[in-house]
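Structural characterization, general
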Amino acid sequence: SQKTIDGYRIIFAVLSEIIGDDTPVRAVSRAGCEQVRDLLRRLPPNASKRFKGIPLGKAADRADALGLPKLSPGTVNSYLNNLAALFKYAEANWHCDRSPAEGLQVADKRRAKDKRHSFDREQLAAIFSAPLYTGCQDDRTGYAKRGPNVLRRGRFWVPLLSLYTGMRLNECCQLLTGDVRNLDGVWCIIITEDGDTGDVEDQKRVKTAAGERYVPVHPELMKLGFLAYVSTQQKAGTLRLFHDLPKGKTGYSSDPFSKWFSRFLVSVGAKTDKTSFHSFRHTFRDAMREADLSPEYVNALGGWAGSKTSDNYGSGLKPQTLATAIAKLNHPGIDLSHLYTGLTN
């Protein structure tokens, strides 16, 4: 995908700046790769855009002088993984004797639970009482302005889907109309990754192998008319369920949506340093804890990999079993009854 290509371009640009374009692969040293890592750790996000036309080393110096925030450890490690992949390929094809780029990852001192927070009750109330859900001018530039319209399209449904299914942003945005199906009498959302279809930009992707799963449609989504929306899109013959969501330069609809949602959180007063769209997924997991669901249910619904060998045996939980479990989840303090349509199918 374009997003993957861009990730490689960035690490290659840093590598080229550190060691020079004409350095033979076999001459690239461990020390050179460590210099690449150290420069990455000093760069701010979007360094090439912030400081156009200057070497990345000088961009890092300017960022230091301005006190700009640095790339997160996760982002640095993502680039370093791409660097390791390059030299792993070189090693496998005898271009070098041993990869100098293994084990360069930096430590992330933040505790996992501190990286992103769940939305609290007040934040959720602010999100779902915004004009987008109570009446706005339109769901494009006028989403934050009071008006007569509640437009049930991508921007309306995607936050609700993540709140009541735990789906990741890209999993929501890439849904096809055929991904909502009746399995053994239970309406489910099928979350899969495409095979090699030949059309790279339109391929669906999941974060991990465990991410391929099905999630029953929560009763609240049915009351809100989600199945009716799906039916309308299926009858219209549209491929993408949220075809109104534009794609970014990377080919993902989730990229521009993520940027818009950050602005949306600011507009409703629900933005903090620890909250983003991914906070819905944390909120969903909190709701599963409150419902006292077992780890097996949590992993099946959320697409997390189990840690026990026994998790790899059997064919998984049945649709009706998961439907009973997900129906136990609720978010106290959120009243969406003004959005009920009476159209559950």
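The following paragraphs examine the structure supplied in this document. (Residues numbered from 1 in each chain as written. Predicted model: local features only at pLDDT ≥ 70, side-chain atom pairs only at ≥ 80, totals over all residues. Heavy atoms only, no water.)

There is a patch of like positive charges on the surface, built from K49, K52, K249, K259 and R263. As for its position among the elements, K49 is in helix 3 (residues 47-50). Take K49: its relative accessible area is 59%, and that puts it in the exposed class. (Patch = residues over 30% accessible without salt bridge, like charges linked within 9 Å, V, L, I, M, F, W, Y side chains within 5 Å. Areas by Shrake-Rupley, 256 points an atom, 1.4 Å probe, with all protein chains shown as cover. Salt bridge = Lys/Arg side-chain N within 4 Å of Asp/Glu carboxyl O. Lys, Arg positive; Asp, Glu negative; His and termini not counted. Charge placed at Lys NZ, Arg CZ, Asp CG, Glu CD. Helix = DSSP H or I, 4+ residues; strand = E, 2+ residues; numbered from the N terminus. Buried < 20%, exposed > 50% of the residue type's maximum accessible area, 1.4 Å probe, protein only.)

What follows concerns the sheet that holds strand 3 (residues 213-216). Sheet architecture is open: three strands sit in the order 1-2-3, paired in antiparallel fashion. Each edge of the open sheet carries a strand with a single partner, namely strand 1 (180-183) and strand 3. Ignoring which end each strand starts from, the neighbouring axes of this sheet average 45° apart. Looking at chain direction, strand 2 (residues 186-191) and strand 3 are connected through four bridges and run antiparallel. Bridge assignment links C188 to a residue of strand 3, and that residue is P216. Against the sheet, helix 16 (residues 319-326) makes contact with strand 1, strand 2 and strand 3, and its axis sits at roughly 55° relative to strand 3, the strand it touches most. (Pairing = 2+ DSSP bridges. Axes fitted to C-alpha atoms, helices over the stretch in contact; angles between N-to-C directions. Contact = heavy atoms within 4.5 Å.)

Turning to the pattern of salt bridges, a few remarks are in order. One pass over the full model with this rule turns up twelve salt bridges. Linking R9 and D6 is a salt bridge whose minimum nitrogen-to-oxygen distance equals 3.6 Å. One end of the pair, R9, and the other, D6, are both in helix 1 (residues 2-19), three residues apart, so they sit about a helical turn from each other. A salt bridge links R153 to D244; its shortest N-O distance comes to 3.9 Å. With a gap of 91 residues between them, R153 in the loop between helix 8 (131-134) and helix 9 (154-165) and D244 in the loop between helix 12 (226-236) and helix 13 (254-268) connect regions that are remote in the sequence. For D244, a relative accessible area of 11% translates into the label buried.

Right, let's talk about the nonpolar core for a bit. Counting residues in hydrophobic clusters, the biggest one holds 57 residues, and the most contacted among them are F128, L160, F226, F242 and F264. Discounting residues that sit within four places of it in the chain, L160 has contacts with F128, Y133, L221, L224 and L336. Counting 21 residues, the second-largest nonpolar core is a separate cluster that includes I11, V14, V36 and V76. (Core = buried A, V, L, I, M, F, W, Y, C linked by side-chain atoms within 4.5 Å.)

Applying the stated rule across the entire model yields 20 aromatic pairs. An angle of 65° between the planes, with centres 5.4 Å apart, marks the rings of W157 and F226 as edge-to-face. Of the two residues, W157 is situated in helix 9 and F226 in helix 12; the sequence distance between them amounts to 69 residues. This pair shows no difference in class: W157 is buried, exactly as F226 is. (Phe/Tyr/Trp six-rings, centres within 6.5 Å; stacked < 30°, edge-to-face > 60°.)

Moving on, we come to unusual backbone geometry. Positive phi, close to 55°, is recorded for D184, a residue that is not glycine. Tracing the sequence through the fold places D184 in the loop between strand 1 and strand 2. Note on D184: relative accessible area 70%, which makes it exposed.

A separate point is the environment of V36. With respect to the element layout, V36 can be found in helix 2 (residues 30-42). With 25 residues separating them in the primary sequence, V36 and I11 have C-alpha atoms 8.2 Å apart. The residues touching V36, leaving out its near neighbours within four places in the chain, are I11, V14, L15, I18 and L83.

Bridging between strand 1 and strand 2 involves four bridges; their strand directions are antiparallel. Directly across from V180, in strand 2, lies its bridge partner I189. The turn linking strand 1 back onto strand 2 is made up of two residues, and D184 within it adopts a positive phi angle of 55°.

A rise of 1.5 Å per residue sets the reference length of helix 2, with its 13 residues, at 18 Å; its end C-alpha atoms lie 19 Å apart and thus fit the reference within 8%. Inspection of helix 2 places G32, C33, V36, R37, L39 and L40 among the buried residues, and these make up the whole buried set. For helix 2, the arc enclosing every buried residue in end-on projection is 165°, short of the 170-degree limit, so these residues lie on one face. Packing partners of the buried residues in helix 2 comprise helix 1, helix 4 (56-66) and helix 5 (73-92). (Expected span 1.5 Å × (residues − 1). Arc of directions from axis to C-beta.)

What is shown is where atoms sit, not what they do.
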